[in-house]
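Coordinate analysis (summary)
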Amino acid sequence: MLPASLVILIATTITLHATTIYVPDNFKTINEAVKNSSPKDTIIVNNGSYTENISITKPLTIKSSKGADASIVHALIKSEPVFKISNANEVSIVGFTATGSEIAGIDLDNSHNGQFLNNKTVSNKNGISLYSSNNNIMANNIADSNEQYGIYIEASNGNTLEKNIANTNKDKGIFLNSSSYNNLLNNTVNLNAWDGIMLWSSNNNLLKDNDVLRNRYAIVLGSSDNNTLINNSTWANIYIILPVVLIYIGILVYIIQKNLSHFIYRE
Amino acid sequence: MFEITTILASLGLILATVSFISGLQAVKNKGSADSKIHKLNGYLSFVIYILLAGSSIGGKEVVRLWPVAAWASGLVIICIKIWVVRSGRAYKYASWVGIMLIILWLVIIYTHIQLGSMSFLNL
């Protein structure tokens, strides 16, 4: 039987097309598959728990076969990100749980035009972190319960964050730092210890249809200009007001019922 | 905008408030109208409590001990309240148990506001 790497090499040479690599069928670890892949290859990861730090420096698509709940990647070296994408364009990571890193679940550095979909980045320092990375799409990710930020974006422009969830992080839900022309659409950002969404020194961003509830502060803008905020829900203090209103309604309902009973029973 | 659990919890707090006030008035005035209002609103809020508990526990893939214990504790408080009033024993503490029911509903409303099942206490 030919070694897996040789099979892949032959397949790549003959077809001159992108190859699909399976983990753990072709390679036991995701990192091994990444190292032995060529640009534009697709790596399909079967369900299971993997303990490793994955470094990506070329255009690749890495997908889990059964979604984020079935494919869980724990950081082997905690001081490194679980997925580190550096100086690589058009990287796609789809359907993983990335957890246990003291840096980030998914970390992009100078990487552009990528897609990060349906991932769960929980219990890291930051869920998803972008530095100097432009025009990436992050959608349907869950970045909950991280030590600092759910999603942190620094010096990165033209990214789209859509339908992500960033709840119960210990600092901010989504933090844009010196980043412009990003679109934040339909995200859910609740119960974070400080700001739901913070824009610092960030201009010309679009925040539309986001739910930003029960954070210390909902949407905070500092040194930021020309940002567009449309139809965001930021009912920061409803949880204090609503019970009081309901008790008042209860008193009114009691008075109404009392008068009704007087009317009906003629007491 | 609001989820069904938020609406149910809000309705539950309103009915519990009505039941609490009418209960105090029933003890004070010995009026049958207040007693009827107390019972009607008490039964309705109990039904809503069961619906909320069922949707909360049944709506999760994995049933965890902590939410079940929390909902069961609430049920115990409701049962104690009914027992205290019906048996006539410890009747003087009935209003205190009533206050506990209001606090119970405040906890429920707080955990169900806006976010539905994704609540602060994750019940």
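Preceding this paragraph is the structure being described.
The structure displayed is predicted, hence computed values, not measured ones. (Residues numbered from 1 in each chain as written. Chains lettered and ligands numbered in written order. Predicted model: local features only at pLDDT ≥ 70, side-chain atom pairs only at ≥ 80, totals over all residues. Heavy atoms only, no water.)

Some remarks on the sheet that holds strand β20 (residues 206-208) of chain A
Residue and element names in this part refer to chain A.
- Read across the sheet, 10 strands follow the order β1-β2-β5-β8-β11-β14-β16-β18-β20-β22 without closing on themselves; strand pairing throughout is parallel. Looking at which strands have only one partner, the edges of the open sheet turn out to be β1 (20-23) and β22 (228-230). Taken pair by pair, the neighbouring strands of this sheet meet at an average axis angle of 10°, ignoring direction.
- Pairing of strand β16 (residues 160-162) with strand β18 (residues 183-185) involves 3 bridges; the strand directions are parallel. Within β18, the residue paired with Leu161 across the bridge is Leu184. (Pairing = 2+ DSSP bridges. Helix = DSSP H or I, 4+ residues; strand = E, 2+ residues; numbered from the N terminus. Axes fitted to C-alpha atoms, helices over the stretch in contact; angles between N-to-C directions.)

Looking at helix α1 (residues 4-29) of chain B
- Under the 1.5 Å per step criterion, the end-to-end length of α1 of chain B is 37 Å for 26 residues, consistent within 8% with the ideal 38 Å.
- Just downstream of α1 of chain B, Lys30 of chain B is the residue with a positive phi angle, here 55°. (Expected span 1.5 Å × (residues − 1).)

Side note on the pattern of salt bridges
- Summed over all chains, the structure comprises 6 salt bridges over all chains.
- The residue Lys84 of chain A makes a salt bridge to Asp107 of chain A at a minimum N-O spacing of 3.4 Å. Here Lys84 of chain A is found in strand β7 (residues 83-86), whereas its partner Asp107 of chain A is found in strand β10 (residues 104-109), with 23 residues between them in sequence.
- Residue classification places Asp107 of chain A among the buried positions, given a relative accessible area of 10%.
- For Lys258 of chain A, the salt bridge goes to Asp34 of chain B, with nearest N and O atoms at 2.5 Å. Taken together, the positions of Lys258 of chain A in helix α3 (residues 238-265) and Asp34 of chain B in helix α2 (residues 32-58) put the pair across two chains. Across the pair, exposure class does not vary: Lys258 of chain A and Asp34 of chain B are buried alike. (Salt bridge = Lys/Arg side-chain N within 4 Å of Asp/Glu carboxyl O. Buried < 20%, exposed > 50% of the residue type's maximum accessible area, 1.4 Å probe, protein only.)

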